[in-house]
Amino acid sequence: MHRLLASAFLCFSLTLLVSCRTGFGEPITCSGIVPMRTRWDRISITDFGGVGDGKTLNTKAFRAAIYRIQHLRRRGGTLLYIPPGVFLSESFNLTSHMTLYLARGAVIRASQDTQTWPLIAPLPSYGRGRERPGGRYMSFIHGDGLRDVIITGENGTIDGQGDVWWNMWRQRALQYTRPNLIEFKNSRSIIISNVIFQNSPFWNIHPVYCSNVVIRYVTILAPADSPNTDGIDPDSSTNVCIEDSYISTGDDLVAVKSGWDEYGIAYGRPSSSITIRRITGSSPFAGIAIGSETSGGVQNVLAENINLYNMGVGIHVKTNIGRGGFIRNITFSNVYIENARKGIKIAGDVGDHPDNNFNPNALPVVKDITLKGVWGVKVQQPGLIQGLKDSPFTGICLSNIHLHGISGSKYTLWQCSAVSGAAFQVSPWPCAELTATSQESTCSQFS
């Protein structure tokens with residue numbers, strides 16, 4: 001089923017790329033952030049003893065190949081070629097100036113031996129593992145302090161075999177936080193493209209403390225009941241572009257984050273200049289989310305041309321008392337939502353805390369959130385905007401929003417509190433708090 005979905009997305013993405021053009025006939029893309037580099041020095045995993053039979057453990061082969069790339073330092077970097085076959089491996093680290101290239105039919109598959117999985121320190125902006133106190137399991141494919149790294153190919157697959165980890169989570173048997181499928185930390189100039197990611201143990205793609213990251217033409221798949229399998233989570237990172245991809249997982253498709261309560265406040269590194277465009281997908285949770293971990297701040301985010309099906313929440317901006325930080329200058333544009341419990345949710349009571357040491361007086365500031373051109377059908381509730389009594393959400397601007405339910409079924413109207421803003425051409429008509437005339441000049445340009 002996953003391969004059928006992947007093939008369907010490839011056809012979809014080509015059609016989408018043709019249809020989403022500027023007035024000058026060129027696609028609107030972020031390809032200029034990190035140019036795709038050609039590596040003339042090329043090696044194959046089979047040169048280092050790699051065997052793609054789905055049974056042989058290839059950890060030593062991956063580590064030896066990457067050691068060669070790191071220490072020979074060929075001018076322009078080196079491409080590591082993964083031929084067709086299933087290459088089983090434990091987790092491994094990438095290095096700078098390399099391309100990991102998966103041929104059509106190539107699969108890099110994670111070992112399910114959790115006893116040998118390495119542990120690493122918690123992220124300083126989280127203070128502990130996201131699920132459990134203490135450290136966390138290293139991501140399957142990991143990079144720390146790198147630059148000029150590309151993961152690409154001919155739509156080969158990186159398979160996390162996450163079901164063993166999901167069952168540990170369900171049985172409350174985890175000692176540490178589950179591993180991500182891919183994590184880049186303190187890195188820059190990263191491209192991830194033309195790869196299928198499936199069955200991640202935890203979050204799929206997690207750039208944290210990174211800059212200049214492009215993620216495009218990827219397919220991310222996990223069962224709807226797989227716990228916390230977020231698609232792409234840019235975290236305390238800047239200049240990130242996510243585009244032209246299909247995501248169907250058990251949690252948020254894309255979630256922008258920046259640290260957790262007192263740890264994120266102390267670390268103080270925001271996520272900013274994030275572009276999300278031409279994403280299609282489904283999830284029982286959110287399509288495009290901001291938060292809930294936003295203690296370092298999130299600003300200057302654009303999400304546009306998004307298509308969401310069978311969703312919990314279409315657009316979700318979420319934070320909590322104790323988070324501190326800010327969420328500002330966020331724009332959602334041209335979003336289609338079909339079959340969702342809730343179309344839009346902007347709330348200050350979402351998410352848990354790392355410990356009891358959070359400051360209840362650390363209130364987030366949420367302002368200047370613009371939503372324009374949002375259309376939904378089979379949406380049970382159009383929207384809920386719930387600010388904080390001591391930190392109301394301001395500058396919430398809705399324009400050309402049409403979110404409709406199913407005829408004859410239960411349908412709940414908008415609900416709002418501690419919010420101010422404006423609304424233009426919205427149906428059903430939202431709450432009275434979003435009709436303040438003082439905000440008309442802010443939002444009227446989108447009417």
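Under the annotation held in an unreviewed UniProt entry, the chain carries the name Polygalacturonase and is attributed to Tripterygium wilfordii. Looking at the Subcellular location (unreviewed entry) heading of the UniProt record, one finds this comment for the chain: "Secreted, Cell wall". The UniProt entry for the chain carries the following comment under Sequence similarities (unreviewed entry): "Belongs to the glycosyl hydrolase 28 family."

A separate point is the overall build of the chain. Across its full length, the chain carries 5 helices and 27 strands. Here the chain has a C-alpha radius of gyration of 22 Å; the compact-globule value for 447 residues is 22 Å, and the two agree. Taking the principal axes of the C-alpha coordinates as reference, the chain spans close to 70 × 55 × 40 Å. Counting over 447 residues, the chain shows a buried share of 59%. Long-range contacts, defined as pairs at least 24 residues apart, comprise 77% of the intrachain contacts of the chain with a sequence gap of at least 6. If you sum the accessible surface of the chain, you get close to 17400 Å²; carbon and sulfur atoms cover 50% of it.

What follows concerns the nonpolar core. Leu80, Leu94 and Ile276 are the most contacted members of the largest nonpolar core, which totals 89 residues. Apart from the residues within four sequence positions on either side, Ile276 is in contact with Ile242, Val254, Val256, Ile288, Val301, Leu302, Ala303, Glu304 and Ile306. Counting residues in each nonpolar core, the second largest holds 7 residues, with Leu123, Trp203, Tyr209 and Trp260 among its members.

Next up on the list: the side chain of Thr294. Summarising the element assignment, Thr294 is placed in the loop between β21 (271-290) and β22 (298-318). Among residues more than four places away in sequence, those in contact with Thr294 are Val256, Ser258, Gly259, Lys318, Thr319, Arg323, Gly324, Gly325, Phe326 and Ile327.

For the rest of this paragraph, the subject is the pairing of strand β23 (residues 326-347). Across 16 bridges, β22 lies against β23 in parallel orientation. From the neighbouring strand, Gln299 faces β23, where its bridge partner is Arg328. In terms of strand pairing, β23 meets strand β24 (residues 365-386) through 17 bridges, oriented parallel. Bridge pairing in β24 links Phe326 to Val365.

Our next topic: the packing of aromatic side chains. According to the stated counting rule, one finds 11 aromatic pairs in the structure shown. For the ring pair Phe62 and Phe92, a centre distance of 4.5 Å and an interplane angle of 10° mean the geometry is stacked. Of this pair, Phe62 sits in helix α2 (residues 59-72) while Phe92 sits in strand β5 (residues 92-93), and the two are 30 residues apart along the sequence. Across the pair, Phe92 and Phe62 agree in class, each one buried.

Bringing the environment of Val240 into the picture now. By secondary structure assignment, the location of Val240 is in strand β19 (residues 238-248). For the pair Val240 and Pro430, spaced 190 residues apart in the sequence, the C-alpha separation amounts to 32 Å. Sequence-distant contacts of Val240, defined by excluding residues within four places in its chain, comprise Val213, Pro234, Ser273, Ile274 and Thr275.

Now for α2. The first and last C-alpha atoms of α2 sit 20 Å apart over 14 residues, in line with the 20 Å expected at 1.5 Å per residue. Residues of α2 that are buried: Thr59, Ala61, Phe62, Ala65, Ile66, Arg68 and Ile69. Once α2 ends, the next one or two residues include Arg73, with phi positive near 50°.

Criteria and thresholds
Here the residue numbering is sequential within each chain, running from 1 through the sequence in written order. Selection of residues for local features in this predicted model requires a pLDDT of at least 70, selection of side-chain atom pairs for listing and counting requires 80 or more, and totals for whole chains, interfaces and linings are taken over all residues. Hydrogens and water are ignored here; the side-chain numbers use all heavy atoms of the structure. UniProt positions are given in the numbering used here, feature names are shortened, and annotations may be inferred rather than shown by experiment. Strands here mean DSSP runs of E at least two residues long; helices mean DSSP runs of H or I at least four residues long; both are numbered from the N terminus. With C-alpha atoms as the basis for the radius of gyration, the globule rule is written as 2.2 Å multiplied by the number of residues raised to the power 0.38. We call a residue buried when its accessible area falls under 20% of the maximum for its residue type, exposed when it is over 50%, and partly exposed in between, using a 1.4 Å probe and counting protein chains only. Only heavy atoms matter for contacts: two residues are in contact if any of them lie within 4.5 Å across the pair. Only the protein chains shown count as covering a residue, and every accessible area follows the Shrake-Rupley method with a 1.4 Å probe. Throughout this description, the term nonpolar core refers to a set of buried Ala, Val, Leu, Ile, Met, Phe, Trp, Tyr and Cys residues connected via side-chain atoms within 4.5 Å. For two strands to be treated as a pair, DSSP must find no fewer than two bridges joining them. Aromatic rings from Phe, Tyr and Trp, with only the six-membered ring used for Trp, were paired whenever their centres fell within 6.5 Å, and each pair was classed as stacked if the ring planes differed by under 30 degrees, edge-to-face if by over 60, and tilted otherwise. Given the number of residues in a helix, its expected span is that number minus one, multiplied by 1.5 Å.

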